[in-house]
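# Coordinate inspection notes
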Amino acid sequence: MKLLVTGGAGFVGAVVSRLLLDAGHTVVVLDDLSRNDAAQVPADAQFVQGRVQDAAEILTPEAGFDGVLHFAGLISAGESMSLPELHWEANTRAGLNLIDAMRAAGVRRLIFSSTAACYGEPSELPLTENAVTMPINTYGATKLAVDLAIASEARAHKLAAVSLRYFNVAGAYVGADGTVIGERHDPETHLIPIALEVAAGKREKMPMFGDDYPTPDGTCIRDYIHVTDLARAHLRALEAATPGEHRIYNLGVGTGFSNKQIIDAVREVTGADVPVEWLPRRPGDPAALYASSAKAQAELGWTPEKTEVADIVADAWTFYRRQN
Ligand SMILES: NC(=O)c1ccc[n+]([C@@H]2O[C@H](COP(=O)([O-])OP(=O)(O)OC[C@H]3O[C@@H](n4cnc5c(N)ncnc54)[C@H](O)[C@@H]3O)[C@@H](O)[C@H]2O)c1
């Protein structure tokens, strides 16, 4: 298939582009490079620097695209609270423009990067796709708005659509040929890359928010999914997408690791001492958040394979050392 990958210069988009190319698809990456440079775009993909809001310029009927995988967006929940207008623009307005451009060009297959943040405080654990969606930050609201628009588009205009709700994406893609693709968010807000910076001596201490949660070791529990496992689900979703249907799948491994377990794994993998600075709880951080991905496993025939915390951290460390 000829596929447009928005946000393909980013962490997840670059890994999925790699797997799509390896599976024989043609990939055109669209990214405005607002949050990344183009270094991780696979060399065998075509790269167009531009905004998703202007996707109609390349998504023409003549261009012959068979589908779109939409990763582009802003992902910091903290930033979404202080600069909501940026997130409504880059996530929601861009998403709506993309849906319009796809309709105009007759491109009827869409895979969308949705998020666990659509659910907000978990109403059940593990979280299924039937859980209440009540985002507690602007980031989650901007993504849920696009999910709702996709549902209407599928119903009214026969779009074949799949929204994949990721939990915490982690690790790095490590290819047999030595290619390594990892996460480089700026500013970095994710636990593992920050802990690796502490292990490498680039930061002094690991800020940890709260050690008095009702969990076995008192720290928050999150569901970490290896980026290569996550990426494989996109290829399955592309095949499963059906005209007139908007499917939603949670992508996690179904169990969680606590913040303390992650720090211990970083110490073990890097051999470094990772000094921790204990801070009060942050508002809006649920004690535990993990997915049921039973629906994705049953309907997409997908199973996460790299589920050990040490393996996830080891791949992230391989990427970190390549970069620094
Ligand atoms: N990383 C995670 O843990 C996680 C979890 C849940 C959901 N997601 C979703 O997955 C997607 C990819 O996440 P990521 O970790 O790869 O993020 P990333 O920041 O590495 O990549 C996003 C890319 O989108 C580009 N971009 C942003 N706004 C754009 C616009 N308007 N037009 C064109 N390009 C634009 C950025 O330059 C960047 O390269 C996001 O939509 C995010 O909401 C990620």
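Remember, it's a predicted structure, so these values are computed and weren't measured experimentally.

Quick notes on the rules
- Residues numbered from 1 in each chain as written.
- Predicted model: local features only at pLDDT ≥ 70, side-chain atom pairs only at ≥ 80, totals over all residues.
- Heavy atoms only, no water.
- Core = buried A, V, L, I, M, F, W, Y, C linked by side-chain atoms within 4.5 Å.
- Buried < 20%, exposed > 50% of the residue type's maximum accessible area, 1.4 Å probe, protein only.
- Helix = DSSP H or I, 4+ residues; strand = E, 2+ residues; numbered from the N terminus.
- Domains from an automatic or database assignment.
- Contact = heavy atoms within 4.5 Å.
- Buried area = accessible area lost by both parts, 1.4 Å probe.
- Salt bridge = Lys/Arg side-chain N within 4 Å of Asp/Glu carboxyl O.
- Near = heavy atom within 4 Å.
- Polar contact = N/O pair within 3.5 Å; in protein donor to acceptor, adjacent residues only side chain to side chain.
- Nonpolar A, V, L, I, M, F, W, Y, C, P; charged D, E, K, R; others polar.
- Pairing = 2+ DSSP bridges.

The subject of this paragraph is the nonpolar core. Membership of the largest hydrophobic core comes to 41 residues, with the highest contact counts inside it found for Val-12, Leu-20, Leu-69, Leu-164, Tyr-166 and Leu-251. The set of elements that each furnish at least two residues to this core consists of β1 (2-6), α1 (11-22), β2 (26-31), β6 (160-166), α6 (227-240), β13 (246-251) and α8 (294-300). If you count residues domain by domain, this core takes at least three from each of domain 1 (2-167 + 226-251) and domain 2 (173-223 + 254-323). With residues up to four places along the chain from it excluded, the contact list for Leu-251 reads Leu-164, Arg-165, Tyr-166, Phe-167, Ile-225, Leu-230, Ala-233, Ala-296 and Trp-302.

Attention now goes to the domain arrangement of the chain. Along its sequence, the chain is carved into domain 1 (2-167 + 226-251) and domain 2 (173-223 + 254-323). Contacts between the two partners involve 37 residues from domain 1 and, on the opposite side, 32 residues from domain 2. Together, the buried faces of domain 1 and domain 2 total about 3100 Å²; carbon and sulfur atoms form 61% of this surface. Here domain 1 and domain 2 share three salt bridges between them.

We now examine the site of the ligand. Val-12, Asp-31, Phe-71, Tyr-139 and Lys-143 are the nearest of the 29 residues found near the ligand. Between the ligand and the protein, one listed contact pairs an oxygen atom with a side-chain N or O atom of Asp-31 at 2.7 Å. Separating an oxygen atom of the ligand from a side-chain N or O atom of His-185 is a distance of 3.0 Å. Among the elements that take part in the shell around the ligand, strand β5 (residues 109-115) stands out by supplying three residues, more than any other. Taken together, the residues of the shell around the ligand sort by class into 12 nonpolar, 12 polar and five charged.

Here we come to the sheet that holds strand β11 (residues 221-222). Strand order across the open sheet formed by three strands is β14-β11-β16, with mixed pairing between neighbours. The outermost strands of the open sheet, each flanked by one partner alone, are β14 (257-258) and β16 (288-289). Summarising the sheet, β11 and β14 pair through two bridges and their orientation is antiparallel. The partner of Ile-221 across the bridge, within β14, is Ser-258.

Turning next to the environment of Arg-322. Its location among the elements puts Arg-322 in helix α9 (residues 309-323). Along the backbone, Arg-322 and Ile-181 are 141 residues apart, and their C-alpha atoms lie at a distance of 9.7 Å. Setting aside anything within four residues of it in sequence, one finds Arg-322 in contact with Gly-178 and Val-180.

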